[in-house]
Amino acid sequence: MGLIASCEHDSYETGEGKYSRLTTDYVTVDVKECRVQSIVTDDDVALDLGKGMTLDIQPKDTMLRWLLYYKGTEIVGRNTMLLLKPLGKSMILETKTDPVTVTSVWMAGNRKYLNMRLGLKVGNANGSKHGVALIKDKEEADVVYYTLYHDQSDIPEYYTQEYFFTVKAPENKEIDLTINTYNGTWHKRF
């Protein structure tokens with residue numbers, strides 16, 4: 001005589017949670033007198049949220065780049081992307097290309113920004129900071145050549161921390177980017 005038993009249990013609970021229907025976008029934020037004037041996605045969609053929000057920033061009139069988390073018309077969270085301004089070779093005394101980890105690099109949907117998610121090694125830095133910039137190596141009729149400048153300084157390399165960087169893309173030109181990584185040279189044209 002055999003005994004067959006069966007049990008069905010589904011631990012997944014359906015329904016709405018705190019982060020259901022959460023949207024995430026990379027955005028450009030226009031700020032005048034420390035007040036948000038507009039928020040526009042990388043696909044050129046103007047968002048109807050955040051207008052008039054006060055930010056404690058200097059300069060008071062600026063443009064910011066955020067990784068924005070929102071639900072409907074409510075801002076749930078934001079991460080500031082560090083805006084890099086390309087420097088000419090003559091502005092750098094010594095070109096440092098200490099290695100980084102390239103998580104992802106992509107051109108914004110509207111081709112106005114090149115975005116980078118990079119891993120920098122960190123540890124107890126005793127006040128030291130990473131130096132990160134883009135060096136403009138040369139410019140041709142249709143291409144701008146950049147190299148990522150990274151100065152690890154005397155920061156120990158205990159673990160990797162992710163950072164978001166962005167650079168305004170030159171109009172009507174491709175970007176040729178070179179980055180030194182722990183696995184060798186990373187190179188791509190956008």
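These figures come from a predicted structure and were not determined experimentally.

*Asks:* Just to check I follow, could you spell out the layout of surface pockets for this structure?
*Replies:* Reported here for the largest pocket is a volume of approximately 170 Å³. Forming the boundary of the largest pocket are Met107, Asn110, Arg111, Lys112, Lys168, Ala169, Pro170, Glu171, Asn172, Lys173 and Glu174. When its residues are assigned to classes, the lining of the largest pocket shows 3 nonpolar, 2 polar and 6 charged.

*Asks:* Hey, could you run me through the side chain of arginine 65 in this one?
*Replies:* Position of arginine 65 among the secondary structure elements: in strand 4 (residues 62-71). Within the local environment of arginine 65, its side chain forms a polar contact with the side chain of asparagine 115, the two groups lying 2.9 Å apart. In this structure, arginine 65 is in contact with Tyr26, Val27, Thr28, Asp42, Asn79, Thr80, Met81, Leu83, Tyr113, Asn115 and Thr166, ignoring residues within four places of it in sequence.

*Asks:* What's the story with the nonpolar core in this structure? I'm lost.
*Replies:* Generally speaking, a soluble globular protein has its nonpolar side chains buried in company with each other. Ranked by internal contacts, the top residues of the largest apolar core, which has 20 residues, are Val105, Leu114, Met116, Leu134, Leu177 and Ile179. Residue assignment for this core shows that the elements contributing at least two residues are strand 7 (101-107), strand 8 (113-122), strand 10 (143-151), strand 11 (159-168) and strand 12 (174-181). For this core, the element with the most residues is strand 8, which contributes 4 residues. Residues contacting isoleucine 179, with those up to four places away along its chain left out, are Val100, Val102, Val105, Met116, Leu118, Leu148, Gly184, Thr185 and Trp186. Within the second largest apolar cluster, 14 residues are counted, among which are Val27, Ile39, Leu49 and Leu64.

*Asks:* I keep staring at the sheet that holds strand 5 (residues 74-84) and nothing clicks. Help me out?
*Replies:* Within a sheet, neighbouring strands are paired by backbone hydrogen bonds and run either parallel or antiparallel to one another. Read across the sheet, 8 strands follow the order 3-2-1-4-5-11-8-7 without closing on themselves; strand pairing throughout is mixed. Two strands bound the open sheet, and with one partner strand each, they are strand 3 (46-47) and strand 7. Taken together, the 6 bridges between strand 1 (residues 23-32) and strand 2 (residues 35-41) define a ladder with antiparallel strand orientation. Bridge pairing in strand 2 links aspartate 30 to serine 38.

Reading the values: the criteria
Residues numbered from 1 in each chain as written. Predicted model: local features only at pLDDT ≥ 70, side-chain atom pairs only at ≥ 80, totals over all residues. Heavy atoms only, no water. 1 Å grid on protein atoms, 1.4 Å probe; cavity = no way out; pocket = protein on both sides within 12 Å on 5 of 7 lines; lining within 4 Å. Points joined across faces, edges and corners; volume = space filled by probe spheres on them. Nonpolar A, V, L, I, M, F, W, Y, C, P; charged D, E, K, R; others polar. Helix = DSSP H or I, 4+ residues; strand = E, 2+ residues; numbered from the N terminus. Polar contact = N/O pair within 3.5 Å; in protein donor to acceptor, adjacent residues only side chain to side chain. Contact = heavy atoms within 4.5 Å. Core = buried A, V, L, I, M, F, W, Y, C linked by side-chain atoms within 4.5 Å. Buried < 20%, exposed > 50% of the residue type's maximum accessible area, 1.4 Å probe, protein only. Pairing = 2+ DSSP bridges.

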